[in-house]
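A structural walkthrough
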Amino acid sequence: MEKLLDTTCEKFLEELASKQPTPGGGAASALCGATAAALTAMLGNLTAGKAGSEANDKMALEIIIAADKLRLELAQLADDDAAVFNKFMEAYKMPKATDTEKAMRTAAIGQAAIAAAEVPMQIANKSLEVLKLARKLIVFGNPNAISDGTVSALMARAALRSALYNVKINLGLIKDDEYVAAARAKMQQLEAKAMEIEAFVLARTDEVLK
């Protein structure tokens, strides 16, 4: 798989549709989050410098910078997700003829599962940051482009929720109960905050567009 930022949309989608294991759901959720960040930056660019919005220019520019950074980070996480999955599969291919080999293989699978859970957790965290930016911008952003901000928020929400399912599937392979409990608590926090922001964004959009 080529790096996400070095390939075309068509090529990425072809690879996603193929039977090869990567890119998969993790990369797709990261791309969804990156797209959300791009849309947030778009609304910021359509707001900054617009006549009558001078008071909000500084905030809009700060949001654009933050959104652009998150877009690149989420694109990188799409590549990272594919990389950790490949390491995960390598662990499964380790020999298991002796008790020692079995123990080493089990340990390697556990470590690979943690890495495979960490990347989508990062995707979820960064998608929440995109969602927070969209929430801020949708309050004072260009009302003629408010639907772009709403789509950004909804895509960030989808990216977060999708990423958390990729975390969940790996938690079942991790024997560290303390790690699993902490991860589940973090997931609940992310989900609760995302739901809260989504509700605000939709209510604000409906108010503007009524």
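In what follows, the accompanying structure is described. Counting from 1, residues in each chain are numbered in the order their sequence is written. Thresholds applied to this predicted model are a pLDDT of at least 70 for local features of residues and 80 or more for the giving and counting of side-chain atom pairs; totals over whole chains, interfaces and linings are not thresholded and use all residues. Side-chain metrics rest on all non-hydrogen atoms present in the structure, leaving aside hydrogens and water.

Examining the pattern of salt bridges
Counted as salt bridges are all cases of a side-chain nitrogen of Lys or Arg within 4 Å of a carboxyl oxygen of Asp or Glu. Counted by the stated rule, this structure contains 8 salt bridges. Of the charged contacts, one joins Lys58 and Glu62 as a salt bridge, the two residues approaching to 2.5 Å between their closest N and O atoms. Here Lys58 and its partner Glu62 are both found in helix 3 (residues 57–92), 4 residues apart, which amounts to about one turn of the helix. Lys58 gets classed as exposed once you look at its relative accessible area, which sits at 58%. With a closest N to O distance of 3.1 Å, Glu73 and Lys126 form a salt bridge. Of this pair, Glu73 sits in helix 3 while Lys126 sits in helix 4 (residues 99–140), placing them 53 residues apart in sequence. The network of salt bridges with common partners includes Lys69, Glu73 and Lys126. Each helix corresponds to a stretch of at least 4 residues labelled H or I by DSSP, and each strand to a stretch of at least 2 residues labelled E; elements are numbered beginning at the N terminus. Accessibility here uses a 1.4 Å probe with only protein chains present; expressed as a share of the type maximum, an area under 20% marks a residue as buried, one over 50% as exposed, and anything in between as partly exposed.

With respect to the side chain of Ser152
Within the secondary structure layout, Ser152 lies in helix 5 (residues 146–171). Residue classification places Ser152 among the buried positions, given a relative accessible area of 0%. Engagement of the side chain of Ser152 in a polar contact is seen with the side chain of Thr40, the distance being 2.5 Å. Here a residue-residue contact requires only that any non-hydrogen atoms of the pair lie within 4.5 Å. Residues in contact with Ser152, not counting those within four places in the same chain, are Ala36, Leu39, Thr40, Val130 and Ala134. The definition of a polar contact used here is a pair of N or O atoms within 3.5 Å, where within protein one atom must be able to donate a hydrogen and the other to accept one, and adjacent residues in sequence count solely through side-chain atom pairs.

Some remarks on helix 2 (residues 25–47)
Given the number of residues in a helix, its expected span is that number minus one, multiplied by 1.5 Å. With 23 residues, helix 2 should cover 33 Å at 1.5 Å per step; its first-to-last C-alpha distance of 33 Å lies within 8% of that length. Trailing helix 2 by a residue or two, Gly49 shows a phi angle of about 85°, which is positive.

Overview of the packing of aromatic side chains
In this analysis, rings of Phe, Tyr and Trp, with Trp reduced to its six-membered ring, are considered paired at centre separations within 6.5 Å, and the interplanar angle assigns stacked below 30 degrees, edge-to-face beyond 60, and tilted for intermediate values. Inspection of every chain in the model, using the stated rule, returns 0 aromatic pairs. Lysine and arginine charges are scored as sitting over a ring when NZ or CZ, respectively, is within 6 Å of the ring centre and within 35 degrees of the ring normal. The cationic tip of Arg135 hangs over the ring face of Phe200; the distance from NZ or CZ to the ring centre is 3.7 Å. Of note, Lys168 hangs over the ring of Tyr165, and the distance from its end group to the ring centre comes to 4.6 Å.

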